[in-house]
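# A look at the structure
Next come the chains, spelled out residue by residue.
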Amino acid sequence: MSFQLITTEDKARALGELREIKSLFASRGWFAGTSGNLSIRVGDYSPEQFHFAVTASGKDKSKETPEDFLFVDQDGKPAEATKLKPSAETLIHCEIYRQTGCGAIFHVHTVFNNIVSERFRERRSVPVDGVELIKAFNIWEEEANIDIPIVSNFAEIPRIVPEVVERLDARIPGILLRKHGIYAWGANAFEAKRHIEAFEFLFEYVYRWELLNVHGK
């Protein structure tokens, strides 16, 4: 489907959901220094052709302006005339959409997700054992164990993309860039929000559990 055939209502709905999520996450301090990005897919989907609304580069996400978002295609190129630029990290959104067919992707930088990404860098995943909030990912086994993938962080975003593809885990709707932040996704904005909140809870849990174990010895 060409961008011109996507309904005005669908575009407006995506922008409205992004504004709500941006405001909520900003209130939690998840966008320090204009970091982080959000996107919601619009219109029909195939791995070869899709469109999504994404946060514009370099904006203060604690404020609301008419220049907060733009629409891009499956290659991260603007889908309509605009002076706005998508974040370079839009390429990671493109690949996650292409690989998963999800409906929304949210990315935030927090102290907890940065610390645990470095703590478990050699393991290449954050282990979480038996924590109730694992159920947020529709994993219902009692005392379930999961490993949240960690990927390398490079200044050149295209260098990150192949490792993201390699490390995607069908059970885990997220991937953690080392000393950078978490990308979480879902079928829609509601699900992506639930997932990123669960990841942040689990990262804090793992961090505090590690501290208790170190100081308890």
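Residues numbered from 1 in each chain as written. Predicted model: local features only at pLDDT ≥ 70, side-chain atom pairs only at ≥ 80, totals over all residues. Heavy atoms only, no water.

## With respect to the state of the cysteines
In total, this model carries zero disulfides according to the counting rule given. For the unlinked cysteine Cys-94, the closest cysteine sulfur is that of Cys-102, found at 11 Å. The class of Cys-94 is buried, set by a relative accessible area of 1%. Judged by its relative accessible area of 6%, Cys-102 falls in the buried class. (Disulfide = S-S within 2.5 Å. Buried < 20%, exposed > 50% of the residue type's maximum accessible area, 1.4 Å probe, protein only.)

## Some words on the packing of helix H2 (residues 90-100) against helix H4 (residues 157-167)
Each pair of packed helices gets described by two things: the angle between the helix axes and the distance between those axes. Between H2 and H4, whose axes approach to 9 Å, the crossing angle comes to 25°. Between H2 and H4, the angle is such that the two are roughly parallel. Every pair of crossing elements has a handedness; the one defined by H2 and H4 is right-handed. Between H2, through Leu-91, Ile-92, Glu-95, Ile-96 and Gln-99, and H4, the contact on the second element is made entirely by Ile-157, Pro-158, Ile-160, Val-161, Val-164 and Val-165. A class-by-class count of the residues in the contact of H2 with H4 yields nine nonpolar, one polar and one charged. (Axes fitted to C-alpha atoms, helices over the stretch in contact; angles between N-to-C directions. Helix = DSSP H or I, 4+ residues; strand = E, 2+ residues; numbered from the N terminus. Parallel < 35°, antiparallel > 145°, perpendicular 65-115°, else oblique. Left-handed = near helix turned anticlockwise from the far one by under 90°. Contact = heavy atoms within 4.5 Å. Nonpolar A, V, L, I, M, F, W, Y, C, P; charged D, E, K, R; others polar.)

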